Amino acid sequence: MEGWIALYIFMLAAFTGIEVIRRVPAILHTPLMSGSNFIHGIVVVGGMVVLGMADTTAEIVVGFIAVFLGAGNAVGGYVVTDRMLEMFKSSDKTKDKG
Amino acid sequence: MIPGAEFIVPAAYFAAAILFIYGLKGMSSPVTARQGMIWAGVAMLLAVVVTFIHPKVEGNYGLMLIALISASGLAWWWARIVAMTDMPQMIALYNGMGGGSAAAIAGVELLKLHSGQAEMVPTTLLVASFGAIIGSIAFSGSLIAFAKLQGWMRKTWRFPSQQMVNLIVFGITILLGVIIFFAGPNPFLLVLFFGFALAAGVLITIPIGGADMPVIISLYNALTGLAVGFKGYVLEIPALMIAGIVVGAAGTMLTQLMAKAMNRTLGNVLFAGFGKADEDAGGSETTGEMRSIDATDAAIQMAYAEKVIIVPGYGLAVAQAQHKIWEMTELLQSRGVKVSFAIHPVAGRMPGHMNVLLAEAGVDYEMIHDLEDINAQFPSTDVALVIGANDVVNPAARKDPSSPIFGMPILDVDKAKNCIVIKRGQGTGFSGIENLLFFEDNNRMLYGDAQKVAQQLIAGIKSLG
């Protein structure tokens with residue numbers, strides 16, 4: 001990938017990340033950390049690509065580990081976040097604050 | 001190759017990137033958070049499914065499916081069965097897996113480079129190696145954090161000139177990275193390189209304990225994001241770059257917010273640690289003695305109070321006492337007592353940890369207050385009830401300049417007319433610092449498991465009619 005374009009993507013994504021979190025109330029810090037933990041589970045896609053390209057035994061083993069760990073990150077991260085957010089659902093009073 | 005894959009795959013990744021940011025944005029309010037997560041989940045599913053037709057993927061589909069299904073099943077099952085109180089370590093565990101995945105991707109890339117099947121321009125090699133180091137540190141560090149919070153590895157472990165050793169290990173890792181950069185990777189070098197990077201993560205994490213734990217987990221979360229972003233660059237998948245960097249930046253901000261809530265800098269958390277002060281802290285002069293109270297007396301004191309502030313901490317989470325405490329609160333309210341909850345930014349093991357638990361029990365948001373809002377109210381409060389919180393109510397933070405937590409903002413429960421601390425035993429908190437509050441004249445200790453004590457308090461209040 002063209003280096004400068006990558007740098008631009010890097011910069012814009014960093015600002016997006018900062019903006020997204022800026023106005024988050026303290027009560028959502030743990031769910032948010034958990035949610036962002038889920039989102040970097042997208043690394044599983046990278047794992048799949050390298051496993052798909054792997055030829056030697058060593059490459060296949062390490063690639064398998066990459067997919068396994070990445071999938072664990074994504075699914076575990078999702079379920080943990082979902083369970084946390086489930087708790088906010090029950091009380092309707094949440095609507096006036098937020 | 002499936003026709004059109006060259007368009008479908010990037011288009012799906014693009015849609016996934018949009019949905020991830022939209023989902024994360026939704027998490028800034030409790031109302032939209034759940035919906036946001038569902039969209040992010042859809043994005044993940046979409047990205048994984050189209051990757052099967054990714055132009056670079058040429059085989060190993062069966063292995064891919066086995067890895068995906070077995071890991072998903074295990075992670076889903078474990079995340080479902082753990083108690084709500086154990087969520088912090090689950091975040092650490094799953095985060096570690098993400099870091100490990102990023103490191104493993106780097107491993108494959110470097111192996112490919114060694115066997116001459118792949119070519120890398122110097123920038124790509126540099127980014128790949130950086131991603132490998134960061135991912136490995138996040139992996140081993142998170143796993144240590146998980147083991148500690150899970151109780152498999154309780155003590156913070158320190159040895160002489162630890163910082164020096166850490167620095168040397170980290171230095172060797174970088175040096176190996178530089179050798180790989182110039183001389184090219186070979187399997188032996190790679191094993192050494194990853195070994196040292198993993199050791200660095202372990203060494204950084206073992207001396208950290210107490211209230212610093214959430215900060216370090218948040219930091220590793222940000223690091224994993226960064227490592228994933230770097231892998232996105234190496235593999236030329238912009239969606240990975242965007243998702244990774246957004247998480248990296250948001251995680252860094254969150255880490256800063258958490259460190260600030262404890263009046264410490266990140267460098268301080270990482271390198272100074274509660275560590276050294278721990279042993280000295282035990283010696284800080286504790287005048288007076290701890291006085292205990294039984295549940296019946298405590299119940300009477302609260303039932304006839306005008307204003308009660310409840311300060312929950314990790315002990316409440318461990319004992320799963322949130323439902324009982326809410327039941328007690330409702331009883332007190334029906335007697336006309338004004339009850340509020342005061343939550344320290346780092347109460348429990350994560351910021352917002354207590355809020356989540358209280359929300360689970362059904363506590364009204366209006367009753368929950370931040371440190372800044374409520375501290376002025378303690379002098380006019382009849383009873384401050386501390387449930388399993390320790391360091392966050394230790395007046396040593398205000399009074400004792402030699403204390404390792406000096407300067408950390410605390411909840412001023414010692415200023416209330418009466419203070420009751422529910423605690424399992426006489427020991428010090430997770431950080432190992434003696435709590436001056438326990439020796440104050442207006443403080444009484446109520447020993448026992450928070451849930452059982454809450455039950456006794458409820459019975460006590462009820463018996464008053």
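As named in an unreviewed UniProt entry, chain A is proton-translocating NAD(P)(+) transhydrogenase, taken from Wenzhouxiangella limi. A UniProt comment under Subcellular location (unreviewed entry) is attached to chain A, and it reads "Cell inner membrane". The Catalytic activity (unreviewed entry) field of the UniProt record for chain A holds the comment "NAD(+) + NADPH + H(+)(in) = NADH + NADP(+) + H(+)(out)".

Engineer: Looking at this structure, how should I read the overall build of chain A?
Structural biologist: If you tally the helices and strands in chain A, you get 4 helices and 0 strands. Secondary structure elements in chain A, listed N-terminal to C-terminal, are α-α-α-α. Looking at chain A as a whole, 61% of its 98 residues qualify as buried. When contacts within chain A are restricted to residue pairs at least 6 apart in sequence, those whose partners lie at least 24 apart make up 65%. Total accessible area on chain A stands at roughly 3,700 Å², and carbon and sulfur atoms take up 67% of it.

Engineer: Quick question: what am I supposed to make of the packing of helix H8 (residues 213-235) of chain B against helix H9 (residues 238-261) of chain B here?
Structural biologist: Residue and element names in this part refer to chain B. Viewed as axis vectors pointing N to C, H8 and H9 meet at an angle of 160°, and their least axial separation amounts to 7 Å. By the angle between their axes, H8 is roughly antiparallel relative to H9. Of the two elements, H8 crosses H9, and the hand of that crossing is left-handed.

Engineer: Would you explain helix H6 (residues 162-183) of chain B in this entry?
Structural biologist: Residues spaced three or four apart along an α-helix face the same direction, because each turn holds 3.6 residues. All names here are of chain B. The end-to-end C-alpha distance of H6, which contains 22 residues, comes to 31 Å, matching closely the 32 Å that a straight helix rising 1.5 Å per residue would cover. Among the residues making up H6, those that are buried are Gln162, Asn166, Val169, Thr173, Leu176, Gly177 and Ile180. Take H6 and look down its axis: the buried residues cluster within an arc of 100°, on one side only. When the buried face of H6 is taken as reference, the exposed residues oriented beyond 90 degrees from it are Leu167, Leu175, Phe182 and Ala183. Looking at the packing, one finds that the buried side of H6 touches helix H5 (122-150) and helix H7 (187-205). With its phi angle positive at about 85°, Gly184 sits one or two positions after the end of H6.

Engineer: What's the story with the interface of chain A and chain B in this structure? I'm lost.
Structural biologist: A common measure of how large an interface is: the accessible area buried when the components associate. Residue-level contacts link 83 residues of chain A with 103 residues of chain B. At the boundary of chain A with chain B, total buried surface from both sides reaches about 8,500 Å², with 78% on carbon and sulfur atoms. Between the two partners, chain A and chain B, sit 4 salt bridges. Of the charged contacts, one joins Asp55(A) and Lys112(B) as a salt bridge, the two residues approaching to 3.2 Å between their closest N and O atoms.

Engineer: Please clarify how the pattern of salt bridges should be interpreted in this entry.
Structural biologist: Side-chain pairs of opposite charge can arise whenever the charged atoms involved come near each other. Residues and elements named next belong to chain B. One pass over the structure, following the stated rule, counts 12 salt bridges over all chains. For Asp414, the salt bridge goes to Lys399, with nearest N and O atoms at 3.9 Å. Pair noted here: Asp414 is in the loop between helix H17 (396-399) and strand E5 (418-423) and Lys399 is in helix H17, with a separation of 15 residues, a long-range link. Accessibility expressed as a relative area gives 10% for Asp414, which makes it buried. Across the pair Glu440 and Lys399 runs a salt bridge whose closest N-O atoms are separated by 2.9 Å. With Glu440 in the loop between E5 and strand E6 (443-447) and Lys399 in helix H17, this pair connects stretches of sequence that are 41 residues apart. Each of the salt bridges in this network shares a partner with another, and the network as a whole consists of Arg398, Lys399, Asp412, Asp414, Lys415 and Glu440.

Engineer: Help me understand helix H12 (residues 295-303) of chain B in this model?
Structural biologist: Residue and element names in this part refer to chain B. Of the residues making up H12, those classed as buried are Ala295, Ala298, Ala299, Met302 and Ala303. Across the axial projection of H12, the buried residues extend over an arc of 130°, all falling on one side. Looking at the buried positions of H12, the neighbouring elements they touch are strand E1 (307-312), helix H14 (322-334), strand E4 (383-387), E5, E6 and helix H18 (450-463).

Engineer: What exactly am I supposed to notice about the pairing of strand E2 (residues 338-343) of chain B here?
Structural biologist: A regular strand carries its side chains on alternate faces of the sheet. Residue and element names in this part refer to chain B. The buried count for E2 comes to 5 of 6 residues, which makes it a mostly enclosed element. The pairing of E1 with E2 spans 4 bridges and is parallel. Its bridge partner being in E2, Lys307 is matched across the sheet by Lys338. With 3 bridges joining them, E2 and strand E3 (residues 368-370) adopt parallel strand pairing. What sits directly across from Ile343, in E3, is Asp370.

Here is what the cut-offs are and how they apply
Residues numbered from 1 in each chain as written. Chains lettered and ligands numbered in written order. Predicted model: local features only at pLDDT ≥ 70, side-chain atom pairs only at ≥ 80, totals over all residues. Heavy atoms only, no water. UniProt positions renumbered as here; feature names shortened; annotations may be inferred. Helix = DSSP H or I, 4+ residues; strand = E, 2+ residues; numbered from the N terminus. Buried < 20%, exposed > 50% of the residue type's maximum accessible area, 1.4 Å probe, protein only. Contact = heavy atoms within 4.5 Å. Areas by Shrake-Rupley, 256 points an atom, 1.4 Å probe, with all protein chains shown as cover. Axes fitted to C-alpha atoms, helices over the stretch in contact; angles between N-to-C directions. Parallel < 35°, antiparallel > 145°, perpendicular 65-115°, else oblique. Left-handed = near helix turned anticlockwise from the far one by under 90°. Expected span 1.5 Å × (residues − 1). Arc of directions from axis to C-beta. Buried area = accessible area lost by both parts, 1.4 Å probe. Salt bridge = Lys/Arg side-chain N within 4 Å of Asp/Glu carboxyl O. Pairing = 2+ DSSP bridges.

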